[in-house]
Structures are given as structure tokens and as C-alpha cells.
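So the chains spell out like this:
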Amino acid sequence: MIGLQRATLFEGTTLILLFGVAMPLIYVAGVDVATPVMGPIHGLGFMVFMWFVVRAWAEELISFPGVARLVAGAFIPGASFLNERWLRRIAAENGAAHAV
Amino acid sequence: MLYEIAKVAHLLSLFIWIGGMIAVLVALHAPQREVLQAIKVYDRSVTTPAMIAALIFGILLGVLGGWFSSGWLGLKIILVLALTGLHGVLVGRLRRTVTNNVVVPGNSLNMLILVGPLVLLLIILLVVMKP
């Protein structure tokens, strides 16, 4: 579960940086310096996150509603941090000692 | 020059990624504990890093070539997401089989054998034709 938790945090962090820093810089300050960097980084983070989600589902570590929750959370700034705590709780409940 | 280097690295990592996916598929069709364990280690150390490298170099190619404004790349990204998901399904099944000793019947993987080449075909068509 560790890999999925880290991917969730990374995706959530890059989304906040994209929405909270890069986009305001364009639309408020008119400076387009951060988006060309943050856009591709977030895109990569999202794809790796999706890979971890599908893998965890196929491994039966999370159910389909869990997949829906994680994917929906990936589009809402801040939700990924709540989802990461949820994943941590699941890992603790399952006693999932095996690293994902 | 950087574009050509990125293209070579993208193709190389793509071939390694696809090769690793085929190895997982074949191993799951005729499950043997030692083979599955070896493939799991190979996937973790070679195939998955190759997938991430293919994504990184693909994004780099898109940035360097200015392709992100092209419609075909949007479609390609969706197909790459599908290919990534396919790999996720294969590795998830592999890990479940190794960890829980649960053998998934080979027939349930037949769909993946069809879907994988189809997705690849569409990706190649998009990249070559750039409609």
C-alpha cells in the first residue's frame, strides 16, 4: 500500500501546485513560467497514480468504490490528502506489512 | 538533437515495457511459483521503471515537439492511460497470485491478449499518421 499512498500524495501535491501556484501566476500576474513545468509533472504523477490504483484494485487491496473514491479525489484539490489517510487506515486495518 | 535522443529513449523504454508485460501474461498463463516470483522481481526492477521512463520521455517529446496542442496527442494520452491500466491489472494479478497463492485461470486473461495489441495498434496509427 506504500506505493499507492506515495503516488496519491504526489498527485495531490502537484495538483495543488498547479491550481494554487501555476495557474494564479498566469491569470493574476500574467506570468506563464510555472505551468509549462507543473503541467507535465502533474500529468506524469496522475498516470503513475492511476497505474497504482488499477494495480491495487487487481490485487484486491481496494474495491471498486475505493477506486472511484481515489479517482474522484484526484480531481479535487486537497482530497488526495484525505484519501491518503484513508489508505493508511486500510493498510493498518489489514495489517498490510507487504510493501505495495 | 535532444528531440531525437528523447525519441530513442522513449522507444527503447516502450519496447522493454511491452516485453515485460508479455512476460507477465505468459507467466500467468502457466503459473509456476518460482517463475512468478522471478517475473515479479523483474517487473519491479525493470518493467515498471521502463513504463515510467516511457511516460517521462513521451511527455518530454510532447513538450519539445510542441505536440500538446494537437488533437491526436490527447487521444494518444487516453490510449496510453489504457495501456498503463492494462499493465496495472497484470501486475496486480501477478502480485495476488504470488502473495496469496491464488491462481487466476488463464482464460480470464484472454481479453487482455486482445486488448493490448489493439491499443498498441491505435497508438502507433496515431503517432505515424498524426491526423
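Look above for the structure.
Attention here is on the structure that accompanies the text.

Reading the values: rules and limits
- Residues numbered from 1 in each chain as written.
- Chains lettered and ligands numbered in written order.
- Predicted model: local features only at pLDDT ≥ 70, side-chain atom pairs only at ≥ 80, totals over all residues.
- Heavy atoms only, no water.
- Salt bridge = Lys/Arg side-chain N within 4 Å of Asp/Glu carboxyl O.
- Helix = DSSP H or I, 4+ residues; strand = E, 2+ residues; numbered from the N terminus.
- Contact = heavy atoms within 4.5 Å.
- Buried area = accessible area lost by both parts, 1.4 Å probe.
- Polar contact = N/O pair within 3.5 Å; in protein donor to acceptor, adjacent residues only side chain to side chain.
- Phe/Tyr/Trp six-rings, centres within 6.5 Å; stacked < 30°, edge-to-face > 60°.
- Buried < 20%, exposed > 50% of the residue type's maximum accessible area, 1.4 Å probe, protein only.
- Expected span 1.5 Å × (residues − 1).
- Patch = residues over 30% accessible without salt bridge, like charges linked within 9 Å, V, L, I, M, F, W, Y side chains within 5 Å.
- Areas by Shrake-Rupley, 256 points an atom, 1.4 Å probe, with all protein chains shown as cover.
- Axes fitted to C-alpha atoms, helices over the stretch in contact; angles between N-to-C directions.
- Parallel < 35°, antiparallel > 145°, perpendicular 65-115°, else oblique.
- Left-handed = near helix turned anticlockwise from the far one by under 90°.

### What about the pattern of salt bridges?
Any two side chains of opposite charge can pair if their charged atoms end up close together. Inspection of the entire model under this criterion finds three salt bridges over all chains. As a salt-bridge pair, Arg95 of chain B and Glu59 of chain A come within 3.1 Å of each other at their nearest N and O atoms. Taken as a pair, Arg95 of chain B in helix 3 (residues 71–100) and Glu59 of chain A in the loop between helix 2 (35–58) and helix 3 (64–73) lie in two separate chains rather than in one.

### Things to note about the interface of chain A and chain B
Contacts between the two partners involve 16 residues from chain A, matched on the other side by 22 residues from chain B. Buried area between chain A and chain B, summed over both chains or domains, comes out near 1,600 Å², and the portion from carbon and sulfur atoms is 75%. Summed over the three residues of chain A that lose the most area to chain B, namely Met47, Trp51 and Glu59 of chain A, the buried surface amounts to 41% of that side. In this structure, Arg96 of chain B and Glu60 of chain A form a salt bridge, with 3.4 Å as the shortest nitrogen-oxygen distance. Remark: the boundary between chain A and chain B carries four residue pairs in polar contact (both at pLDDT 80 or more).

### As for the packing of aromatic side chains
All names here are of chain A. Within this structure, the stated rule accounts for four aromatic pairs over all chains. Arranged with centres 6.5 Å apart and planes meeting at 40 degrees, the rings of Phe46 and Phe49 form a pair that is tilted. Separated by three residues within a single helix, Phe46 and Phe49 lie in helix 2, roughly one turn from each other. Classification of Phe49 by relative accessible area gives buried; the value is 0%. Taken together, the aromatic side chains of Phe46, Phe49 and Phe75 make up a single cluster linked through ring pairs.

### Details of helix 2 of chain A
Taking 1.5 Å of rise per residue, the 24 residues of helix 2 of chain A would be expected to cover 34 Å, and the 34 Å separating its terminal C-alpha atoms lies within 8% of that figure. The first or second residue beyond helix 2 of chain A is Glu60 of chain A, which carries a positive phi of 65 degrees.

### A short note on a nonpolar patch on the surface
Nonpolar side chains collect at one region of the surface, where Leu118, Leu121, Leu122, Ile124, Leu125, Val128 and Met129 of chain B lie side by side and expose about 700 Å² of accessible area between them. Its relative accessible area of 58% is what places Met129 of chain B among the exposed residues.

### Quick look at the packing of helix 2 (residues 33–65) of chain B against helix 3 of chain B
What describes two packed helices is the angle between their axes and the distance between those same axes. All names here are of chain B. Relative to each other, helix 2 and helix 3 sit at 155 degrees, their axes nearing to 10 Å. Overall, the two elements helix 2 and helix 3 adopt an arrangement that is roughly antiparallel. Every pair of crossing elements has a handedness; the one defined by helix 2 and helix 3 is left-handed. Judged by residue contacts, Arg33, Leu36, Gln37, Ile39, Lys40, Asp43, Arg44, Thr47, Thr48, Met51 and Leu55 of helix 2 engage Val80, Thr84, His87, Val91, Leu94, Arg95, Thr97 and Val98 from helix 3.

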